[in-house]
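Per-entry structural report
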Amino acid sequence: RDPKLNMPPLVRYKFPIIGHTYIYLTNSEEFLKQCKKEYGEIFSLYLWGEVKTIVGKEHLQEVLKRDDSFDAGIAFERLLPLSVILKHLAKFQNSTKVLKEYVMNKLKTYTERMQKNLNFATQKYIGDCDEPKIISNVYDTMTKIICYPIADIFVGKELSQYEEIINTFSDFTIDAAKISIIPPVLDFIYPRLQYYINCIILKIYNPAVKHQRILIKHLKNQIYKRLQEKEKYGDSWKRPADFLQDLLEEESFDPNNINYAEIADKICLFIFVSIHTTSNSCTHVIMDLTSRPEYIQELYEEQLEVRKEADENGILPFEALNKMKKLDSFIRESLRLSESISTLPHVVTKDYTFANGLQVPKDRAVHLYTDDVYLDESLQGPNPKSFEPFRHLETNASATKIGKNFLLFGGGKHACPGRQLAINEVKFFLHNVILKYNLRTESGKIEGPKMIGPRKFPSEAGIVFEKRK
Ligand code: HEM
């Protein structure tokens with residue numbers, strides 16, 4: 001303990017070495033509530049052999065906004081050594097700028113392809129359902145469906161037709177993150193020992209490497225083909241509109257010295273940040289929707305109205321997304337209540353003094369106490385714990401709106417730059433699903449998220465899909 005700093009109080013614990021780890025893993029909801037009551041806005045716990053600080057609603061925006069003192073990337077790297085998995089990425093410092101410029105600013109132009117891909121994949125993985133069809137572990141199906149539009153946007157129409165490419169998009173994140181499933185038990189022996197061992201393991205065996213190889217193989221053919229066609233057809237060549245083509249048109253791109261591994265790693269990074277997050281969120285929403293059939297009729301009527309804007313192929317214009325107001329509010333509510341109890345760790349990069357005078361030292365991991373935000377009446381409105389799907393209609397807060405009462409996409413300068421893409425996908429997907437199927441849970445009960453420690457995961461319970469008559 002640094003005697004010069006006015007550190008947050010360390011919550012009392014009974015068992016040396018284990019500290020608070022066991023109770024945090026088994027009853028984080030009640031435990032954190034009690035800690036906050038007894039110790040105040042910011043307190044520290046002894047978890048996995050290390051002191052970590054939990055920051056309540058009063059100060060967590062400081063963590064998100066003061067990026068000169070808090071870094072989410074370093075904290076993430078300690079959980080999963082992405083720099084070892086994607087080792088050609090050292091020079092990709094401008095990934096957010098690139099994403100905004102190449103993808104987010106062009107979302108409108110991707111509207112039609114996004115819907116065509118989602119509708120195609122929904123048909124492929126869910127189908128007509130003339131007879132009731134039960135799908136368990138919807139997350140797996142959702143991941144496949146979400147991959148189609150994202151693969152199309154990132155590597156183009158032609159490559160996204162390959163089953164192998166779709167499998168890479170759907171499996172890369174799970175394979176890359178496999179190592180982080182190991183609980184960091186070695187940290188009880190020495191701080192961050194687990195991280196160093198994981199780095200060594202990944203250098204010897206990296207389960208994601210097969211996906212990088214698949215991408216490189218296809219990228220070689222595709223880039224060769226594009227360069228050839230461009231040369232052959234000149235100005236009359238129809239330029240493919242996708243992220244890959246934008247990369248090939250960068251000033252620094254040298255057709256005589258192509259670094260395929262680097263291009264593959266850039267794509268893998270975006271697969272990593274986009275597929276699991278979007279599929280996970282979409283699964284939470286569809287589980288909530290299916291669990292609460294009493295709201296489906298109202299949402300169905302809204303989507304029927306929205307459908308009037310579709311063209312002869314059933315494709316909606318970009319602007320139709322703004323008309324899905326009730327669906328948007330439902331999504332926000334579902335995502336609000338599916339966030340983990342505490343989340344978004346950041347590492348302190350230089351000693352920091354919070355507005356209340358408490359100080360955290362450099363290198364300390366701080367976690368945001370999310371539940372403190374989501375269960376607060378002044379931030380969420382009455383009955384913050386209850387699922388009220390249309391509560392956000394009154395406040396006019398869309399599902400992508402970040403702020404003091406919604407942390408899913410982080411905040412400040414580093415707030416998720418891909419959130420509009422993710423929510424658009426969820427909305428277009430659900431528009432189609434609500435119009436196409438009757439939905440119910442197999443159990444007939446509400447299937448809420450599954451808790452593992454302080455984290456919430458979508459339920460694996462079955463959903464019954466049946467064609468609307
Ligand atoms: C529902 C889906 C998604 C969720 C819940 C999500 C959540 C997050 C969160 C919590 C952060 C960290 C924010 C912070 O540090 O304050 C983040 C960052 C990021 N996300 Fe997302 N995200 C989602 C979808 C996407 C998609 C679809 C993309 C890209 C296509 C994307 C790209 C990124 C990038 C590049 C960053 C790093 C930003 C930076 O460090 O400046 N995300 N996301």
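A short tour of the structure in this document, coming up.

Rules of the game
Residues numbered from 1 in each chain as written. Predicted model: local features only at pLDDT ≥ 70, side-chain atom pairs only at ≥ 80, totals over all residues. Heavy atoms only, no water. Helix = DSSP H or I, 4+ residues; strand = E, 2+ residues; numbered from the N terminus. Rg over C-alpha atoms; globule rule 2.2 N^0.38 Å. Buried < 20%, exposed > 50% of the residue type's maximum accessible area, 1.4 Å probe, protein only. Contact = heavy atoms within 4.5 Å. Areas by Shrake-Rupley, 256 points an atom, 1.4 Å probe, with all protein chains shown as cover. Lys, Arg positive; Asp, Glu negative; His and termini not counted. Charge placed at Lys NZ, Arg CZ, Asp CG, Glu CD. Core = buried A, V, L, I, M, F, W, Y, C linked by side-chain atoms within 4.5 Å. Phe/Tyr/Trp six-rings, centres within 6.5 Å; stacked < 30°, edge-to-face > 60°. Lys NZ or Arg CZ within 6 Å of the ring centre and 35° of its normal. Near = heavy atom within 4 Å. Polar contact = N/O pair within 3.5 Å; in protein donor to acceptor, adjacent residues only side chain to side chain. Salt bridge = Lys/Arg side-chain N within 4 Å of Asp/Glu carboxyl O. Axes fitted to C-alpha atoms, helices over the stretch in contact; angles between N-to-C directions. Left-handed = near helix turned anticlockwise from the far one by under 90°. Nonpolar A, V, L, I, M, F, W, Y, C, P; charged D, E, K, R; others polar. Donors = N, O, S within 2.8 Å, 3.2 Å for Na, K, Ca; no water.

**Notes on the overall build of the protein chain**
Counting its secondary structure elements, the protein chain contains 18 helices and 12 strands. In terms of C-alpha radius of gyration, the protein chain reaches 23 Å, essentially the compact-globule figure of 23 Å for 469 residues. The C-alpha extent of the protein chain, read off along each of the three principal axes, is 70 × 60 × 35 Å. Every one of the 469 residues in the protein chain was classed for burial, and the buried ones make up 54%. Across the protein chain, contacts joining residues at least 24 apart in sequence account for 75% of those joining residues at least 6 apart. By element, 54% of the accessible surface of the protein chain is carried by carbon and sulfur atoms, the whole surface being about 22,300 Å². The centroid of the 65 positive side-chain charges in the protein chain is displaced by 2 Å from the centroid of its 62 negative side-chain charges.

**Here's the deal with the nonpolar core**
Here is a general trend for soluble globular proteins: nonpolar side chains tend to be buried in one another's company. Of all hydrophobic cores here, the largest spans 115 residues; its most connected members are Val-103, Phe-169, Leu-219, Ile-263, Phe-429 and Leu-430. With 15 residues, the single largest contributor to this core is helix α12 (residues 260–291). Beyond its immediate stretch of four places on either side in the chain, Ile-263 contacts Leu-219, Ile-223, Leu-244, Leu-247, Leu-248, Phe-253 and Ile-258. In terms of nonpolar packing, the next biggest core, distinct from the first, is built from 13 residues, Phe-31, Leu-45, Leu-47 and Ile-54 among them.

**Observations concerning the packing of aromatic side chains**
Counted by the stated rule, this structure contains 17 aromatic pairs. Ring centres of Trp-48 and Phe-188 lie 5.4 Å apart, and the angle between their planes is 35 degrees; this geometry places the pair in the tilted category. With Trp-48 in the loop between β1 (42–47) and β2 (50–55) and Phe-188 in the loop between α8 (163–177) and α9 (193–204), the pair connects residues that are 140 residues apart, well separated along the chain. Measuring from ring centre to ring centre gives 5.9 Å for Tyr-295 and Phe-390, while their planes differ by 85 degrees; the resulting arrangement is edge-to-face. Placement of the pair is Tyr-295 in the loop between α12 and α13 (296–307) and Phe-390 in the loop between α16 (377–380) and α17 (391–395), with a sequence separation of 95 residues. One cation-aromatic arrangement involves Arg-292 over Phe-387; the distance from NZ or CZ to the ring centre is 3.9 Å. Positioned over the ring face of Tyr-300 is Arg-468, at 3.6 Å from the centre of the ring.

**Remarks on the site of the ligand**
Around the ligand sit 20 residues in total, of which Thr-96, Ser-281, Leu-408, His-414 and Cys-416 are the nearest. Taking Thr-96, its side chain carries an N or O atom lying 3.3 Å from an oxygen atom of the ligand. Ranked by residue count, the leading element in the shell around the ligand is α12, at five residues.

**Here's the deal with the side chain of Glu-425**
Looking at where Glu-425 falls in the secondary structure, it is placed in helix α18 (residues 419–436). As a buried residue without a salt bridge, Glu-425 has its nearest oppositely charged side chain in Arg-113, at a separation of 12 Å. Dropping the residues within four chain positions of it, Glu-425 is found in contact with Met-114, Leu-118, Ile-146, Pro-149, Ile-150 and Thr-278.

**Overview of the packing of helix α14 (residues 325–338) against α18**
In a pair of packed helices, the angle between the axes and the distance between the axes together describe the arrangement. For the pair α14 and α18, interaxial distance at closest approach is 11 Å and the crossing angle is 115 degrees. Of the two elements, α14 crosses α18, and the hand of that crossing is right-handed. The residues of α18 that touch α14, namely those facing Leu-327, Asp-328, Ile-331 and Leu-335, are Ile-423, Val-426, Lys-427, Leu-430, His-431 and Ile-434. When the residues that make up the contact of α14 with α18 are grouped by side-chain class, the tally is seven nonpolar, one polar and two charged.

**Things to note about the coordination of the iron atom of the ligand**
For the iron atom of the ligand, the protein contributes exactly one donor atom, Cys-416 (SG), at 2.3 Å. Looking at the element boundaries, Cys-416 is found in the loop between α17 and α18.

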